[in-house]
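If you want the building blocks of each chain, they are given just below.
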Amino acid sequence: MYDVVLLTLGSERDAPGGCGSGGACCGGATEADTDPTGETDNGRTDTGQTTQAGGDTERCATERPRVPVLACADALNARGARVETVTARSDAEIDAVLARLDGPARPDGLTWPDPDGKTRLVVATASDGQLRAVLRRLVRRYAPPPSRRPADLPGNRTLPDLPPVAVLPLDPARGGTHRDLAAQLGLPRDPAAVAAAVLDGTPRRLDLLRNDGGSVTLDGALLGAADDAGRPLHWRARVEVDDTVLTNGDEPLLACAVGNAGGYAALGDVTLLTAPDPADGQVEVAVAVPVVVRSALGRKRVRLEVRRARGRAVSVLPREEKVPYLDDGVEGELTRKRSWWVEPGAWAVWSI
């Protein structure tokens, strides 16, 4: 029978904004994960403050497991699994859990996941940002440095197959225009069904977006902002998808969507992404450009032109000082060029 770890990221649920939104506690980066510009992987400027479970500077503190976690543990125990519940409040505590997924020692000295491991991981998430925080640590653990690329690594990837995880959403089923990643993937939300997927399911492999800021994206990113009245603000950036230039940075933009899945497929009533698929090995990118046109009577009006492209990699070079964005629901500000690339089938969820 399997050993199952139920991992919860510490979250101050009663704080304004909550974990994974607004301040995005548990969704950012530690000081050790900052890039050479001093910017964290969620785009914020590092201040040297102590970071908590997976990121940012808010204090995370959950003293007792939430009801869905206890219900899932009961369902697993009833099936004979050996269950441990862990609340991680730092990246080091997340890493200690992930170390249980390591495979046997390799001759090349690399740390590699165990393909036949009997330990299975359930990540209890209050937000997509929390799930991303765990995947980011998995990538940091198992991705080899370029100078030590092993021969058994797939040619189109920079990391091996990551161990499958089960997702236990802690929030009710999402409705409205934005659905979390579990809803988009059709994953179970009931704790007993999640337990069944862990013990009886099979890995469903999905694409992962890595970026040169040291982080990962599971769903997508939306760049742009609105004023206090909700009106989109204009900004400029050069956006390239493989060899296709969607905009060279000379014209104003209202939004740019980088989609692995469909969380940012629409902006209000405007369709940005038409067919984002987290298992097709490509990223879909769209920019929304306001264009002035003249009617037959010579009157000027503004229409929104959406340009799209699909490929293996995308880069965004902002021409403005700061471009606000959301990445898997976590807020940030882009101040320099950022590139995302696809790692086809790199991560997986337990699914029935």
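Everything that follows concerns the structure shown earlier in this document.
Residues numbered from 1 in each chain as written. Predicted model: local features only at pLDDT ≥ 70, side-chain atom pairs only at ≥ 80, totals over all residues. Heavy atoms only, no water.

Once that is clear, we can look at the pairing of strand 10 (residues 255–259). Within strand 10, five of the five residues are buried, which leaves it mostly tucked inside the rest of the structure. What you see with strand 10 is no split at all: A255, A257 and G259 on one side and C256 and V258 on the other are buried throughout. (Buried < 20%, exposed > 50% of the residue type's maximum accessible area, 1.4 Å probe, protein only. Helix = DSSP H or I, 4+ residues; strand = E, 2+ residues; numbered from the N terminus.)

Right, let's get into the packing of aromatic side chains. According to the stated counting rule, one finds zero aromatic pairs in the structure shown. Directly above the ring of Y2 sits R120, whose terminal nitrogen or CZ lies 3.8 Å from the centroid. (Phe/Tyr/Trp six-rings, centres within 6.5 Å; stacked < 30°, edge-to-face > 60°. Lys NZ or Arg CZ within 6 Å of the ring centre and 35° of its normal.)

Two elements in contact, helix 2 (residues 91–98) and helix 3 (residues 128–142), have axes whose closest approach is 10 Å; the angle formed by their N-to-C orientations is 65 degrees. Viewed along their axes, helix 2 and helix 3 adopt a mutual orientation that is roughly perpendicular. Crossing hand, helix 2 versus helix 3: right-handed. Contacts between helix 2 and helix 3 involve D91, I94, D95 and L98 from the former and V134, R136, R137, L138, R141 and Y142 from the latter. Here the residues of the contact of helix 2 with helix 3 sort into five nonpolar, no polar and five charged. (Axes fitted to C-alpha atoms, helices over the stretch in contact; angles between N-to-C directions. Parallel < 35°, antiparallel > 145°, perpendicular 65-115°, else oblique. Left-handed = near helix turned anticlockwise from the far one by under 90°. Contact = heavy atoms within 4.5 Å. Nonpolar A, V, L, I, M, F, W, Y, C, P; charged D, E, K, R; others polar.)

Axis separation between helix 1 (residues 67–78) and helix 5 (residues 191–200) bottoms out at 8 Å; the angle between their running directions is 45 degrees. With respect to helix 5, the axis of helix 1 lies oblique. Crossing of helix 1 against helix 5: the hand is right-handed. Across the interface between the two elements, P68, A71, C72, A75 and L76 from helix 1 touch P191, A192, V194, A195, V198 and L199 from helix 5.

Tallying each qualifying case throughout the model produces 21 salt bridges. The residue R100 makes a salt bridge to E84 at a minimum N-O spacing of 2.6 Å. Of the two residues, R100 sits in the loop between helix 2 and strand 3 (119–125) while E84 sits in strand 2 (residues 82–88), which places them 16 residues apart along the sequence. E84 sits in the partly exposed class, given a relative accessible area of 36%. For the salt bridge of E305 with R303, the shortest nitrogen-to-oxygen distance reads 3.6 Å. A cluster of three or more residues bridged by salt bridges with shared partners is formed by D91, D95, R136 and R137. (Salt bridge = Lys/Arg side-chain N within 4 Å of Asp/Glu carboxyl O.)

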